[in-house]
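The residues making up each chain are set out below.
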Amino acid sequence: MNAATAFDRRTLIPLILCGLVMFIDGYDLNAMPLVVPYLVEELGAAPEQFSWALSAVLLGLGIGAIVLAPLGDRIGRRPMILLATGVMAVTTLGTATGSTITEFTLWRLATGLGLGACLPNVTALVAEIAPAGRGARTLTIVSMGIALGGIAAGLLAPPLVSLAGWHGLFIFGGAATFALLLALMLLLPESPKLERPEVAPGSKRQVAFVQLLRPPLLFSTALFAGLYAVNALVLYLIVSWVPTVLPAAGISVDTASRFLSLIQFGGLIIGLGLSLLLDRGWAVRALIATYSCAAAALLMFGLFQPDPFSWGVLLLIAGGGISAAHLAIMAVAVGFFPPHLLSSAIGIAVAVARLGAIGGPVVGGAVIGAGASTATFFAFAALPAFLCIGAVLLIPRARRGAEALAAPEAANPTAD
């Protein structure tokens, strides 16, 4: 099975299934924050006591991405996705049985392990079955499932809670995941790249981390993981504190909350446009333009009075651009690595990016705690955006690492 040049049934059905996996992942990531207000009342606990329960899924995701996801390069993408989806289904239903904060923390940690094992392999599979010349667009659109799943969780929460209490979010999520697992078992193919004999499981070349952490791929691995982590830092720095810093400048709390959806919407629209440029071979120029516009918008908060229209436009450009770049980075980086190392490379990047995701709110809190104004807060957020521009300029060098590894293997496919 070779990569298609256009969308057909053999390509479209697996891509839809992968998009649904992303959708379920997005739903699950947002389920726990949505039920915390109900658990606070039911358990008589303070909201801050749920911090570990909320963070556990991110911790598990990082561990799963770096420890479990690379198994997809050895046993195949399909078996790993099926196994991880099964884990997610069981642990999501298990969360509905939780009765203490410790139980919620353990269930969410286990769910995170499944997410971490699943996401890199889904991403790798999408990159490998996407039609030729449409990889960036395809990966971006499929990845949008995460954002759409998060939106769906927010919309479904009120009726599900009304129907079955807070348990309803996890019962519905677990049941939907089991249904998706059945569809995956019936319809999801293996990666065409891993069906080739020279990259078949069992090869000595499967010692993925050794290859990724030494030349010629060391630089590519470090750049990919570093760029993804810094982008995650600035994204979560902005998203985590917008509801707090905007009201401090005089914008209503309700408007500040709506601006979070504006960032997500902007990320989807800008991300789709960015992916079109990536497929035309303009990755470096497109990402530099995106980060430059985002950084400029962040710096311009100090030039306008805090009114919903002007600050909303700036936030759409800045937050939407950073969110879109987060989608695009994965699409660009799949060209850094050979197929038999792709899940491992994505797993490393996802794990390192968790550090950025966790660090963003912490760094933002420190800036706010130092007494920074809202405009100063956003100006500070521009600094990591400029750092991302510097990293993007190094992308051509990272690609040369993959080319250097591929050259001798083309002459001798069985080389270690």
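- The chain has the name 4-hydroxybenzoate transporter PcaK in an unreviewed UniProt entry, where Croceibacterium atlanticum is given as its organism.

Regarding the environment of S143
Part 1 of the argument: Mapped onto the elements of the fold, S143 is located in helix α6 (residues 135–164).
Part 2 of the argument: Not counting residues up to four positions away in its chain, the partners in contact with S143 are M22 and L327.

Looking at the side chain of E190
Part 1 of the argument: Within the secondary structure, E190 sits in the loop between α7 (167–187) and α8 (208–212).
Part 2 of the argument: No salt bridge is formed by the buried E190; the nearest opposite charge belongs to R77, separated by 5.6 Å.
Part 3 of the argument: At a separation of 3.0 Å, a polar atom in the side chain of E190 contacts the main-chain amide nitrogen of R77.
Part 4 of the argument: A polar contact of 3.4 Å, which involves the side chain of E190, links it to the backbone nitrogen of R78.

Focus on the pattern of salt bridges
Part 1 of the argument: For the structure shown, the criterion picks out four salt bridges.
Part 2 of the argument: A salt bridge links R108 to D28; the shortest N-O distance between them is 3.1 Å. Of the two residues, R108 sits in helix α5 (residues 101–129) while D28 sits in helix α1 (residues 9–43), which places them 80 residues apart along the sequence.
Part 3 of the argument: A residue is classified by how much of its surface remains accessible, and R108, at 0% relative accessible area, is buried.
Part 4 of the argument: Close ionic contact of R137 with D279 constitutes a salt bridge, the shortest N to O distance being 2.8 Å. Remark: D279 occurs in helix α10 (residues 253–279) and R137 occurs in helix α6; sequence separation between them is 142 residues.

Describing the side chain of S191
Part 1 of the argument: Assignment of secondary structure puts S191 in the loop between α7 and α8.
Part 2 of the argument: Owing to a relative accessible area of 0%, S191 belongs among the buried residues under this scheme.
Part 3 of the argument: Residues in contact with S191, not counting those within four places in the same chain, are R77, L125 and E128.

The rules behind the values
Starting afresh in each chain, residues are numbered from 1 along the sequence in its written order. Side-chain atom pairs in this predicted model are given and counted only at pLDDT of 80 or more, local residue features only at pLDDT of at least 70, and totals for whole chains, interfaces and linings cover all residues. Hydrogens and water molecules were not included; the side-chain quantities draw on all heavy atoms of the structure. Every helix listed is a DSSP run of H or I at least four residues long, and every strand listed is a run of E at least two residues long, numbered separately from the N terminus. For this analysis, residues touch if any pair of their heavy atoms sits within 4.5 Å. Each residue is placed in one exposure class: buried if its accessible area under a 1.4 Å probe, protein chains only, is under 20% of its type's maximum, exposed if it is over 50%, and partly exposed if it falls in between. His is not counted, nor are the chain ends, whereas Lys and Arg count as positive and Asp and Glu as negative. Between Lys or Arg on one side and Asp or Glu on the other, a salt bridge is scored when a side-chain nitrogen of the former is within 4 Å of a carboxyl oxygen of the latter. Distance and chemistry together define a polar contact, namely a pair of N or O atoms within 3.5 Å, with one atom able to donate a hydrogen and the other to accept it when in protein, and with adjacent residues in sequence counting only for side-chain atoms on both sides.

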